[in-house]
Amino acid sequence: QVQLVESGGGLVQAGDSLRLSCAASGRTFRRYAMGWFRQAPGKEREFVATISWSGGRIYGADSVKGRFTISRDNAKNTVYLQMDSLKPEDTAVYYCAASERVGIRAIEYDDWGQGTQVTVSS
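Parameters at a glance
- Residues numbered from 1 in each chain as written.
- Predicted model: local features only at pLDDT ≥ 70, side-chain atom pairs only at ≥ 80, totals over all residues.
- Heavy atoms only, no water.
- Helix = DSSP H or I, 4+ residues; strand = E, 2+ residues; numbered from the N terminus.
- Contact = heavy atoms within 4.5 Å.
- Pairing = 2+ DSSP bridges.
- Buried < 20%, exposed > 50% of the residue type's maximum accessible area, 1.4 Å probe, protein only.
- Phe/Tyr/Trp six-rings, centres within 6.5 Å; stacked < 30°, edge-to-face > 60°.
- Lys NZ or Arg CZ within 6 Å of the ring centre and 35° of its normal.

### Quick notes on the side chain of Ser-21
And then number 1: Residue placement: Ser-21 occurs in strand β3 (residues 18–26).
And then number 2: If we skip the residues at most four places from it in the chain, Ser-21 touches Val-5, Glu-6, Ser-7, Trp-36, Thr-78, Val-79 and Tyr-80.

Following this line, the structure appears as structure tokens:
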């Protein structure tokens, strides 16, 4: 198991950028795939992006392709989500999660962070 802590959220205006970070501790020697999900008030948790341990496999949701970029630095035990051209509909709590392999369903992920709030005003 790993412990995950997200950071970097905040209140921004439409068109602005944010970079979220997710720091891992515990069994960081495992080659976990990592994913980002988000959940807006009253809505179900939504897949955002995922990346394999090596970085060779990357998948993103259609709603964020061309705007969001997932990356990782295994030496720092950290995964990132660079968010550009933010829109009000991106407002949500963003969660990072760890999995044995890349996937787009929340059920495939074993460990989750506490989430970080992203609010985009128009």
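### Notes on the pairing of β3
And then number 1: Where strand β1 (residues 2–7) lies against β3, 6 bridges are found, and the strand directions are antiparallel. Bridge pairing links Glu-6 to Cys-22 in β3.
And then number 2: Bridge count for β3 against strand β8 (residues 78–83) is 6 bridges, and the pairing is antiparallel. The partner of Ser-21 across the bridge, within β8, is Tyr-80.

### Some remarks on the pairing of strand β5 (residues 46–51)
And then number 1: Burial of β5 is extensive: 5 of the 6 residues sit out of reach of the surface.
And then number 2: Taking the residues that link successive antiparallel strands as the turn, the β5-strand β6 (residues 58–60) hairpin has 6 residues, and the phi of Gly-55 there is positive, at about 85°.

### Structural notes on the packing of aromatic side chains
And then number 1: As enumerated under the stated definition, the model contains 4 aromatic pairs in all.
And then number 2: With centroids separated by 5.7 Å and ring planes inclined at 70°, the aromatic side chains of Phe-37 and Phe-47 adopt a geometry described as edge-to-face. Residue Phe-37 is found in strand β4 (residues 33–39), and its partner Phe-47 is found in strand β5; the two are separated by 10 residues along the sequence.
And then number 3: Relative accessible area serves as the criterion here: at 1%, Phe-37 is assigned to the buried category.
And then number 4: Judged by its relative accessible area of 13%, Phe-47 falls in the buried class.
And then number 5: An aromatic cluster is defined as three or more aromatic residues linked by ring pairs; in this entry it consists of Phe-37, Phe-47, Tyr-109 and Trp-112.
And then number 6: Seen from the ring of Trp-53, Arg-31 lies directly overhead, with NZ or CZ sitting 4.6 Å from the centre.
And then number 7: Lying across the ring of Trp-112, Arg-45 places its NZ or CZ 4.8 Å from the centre.

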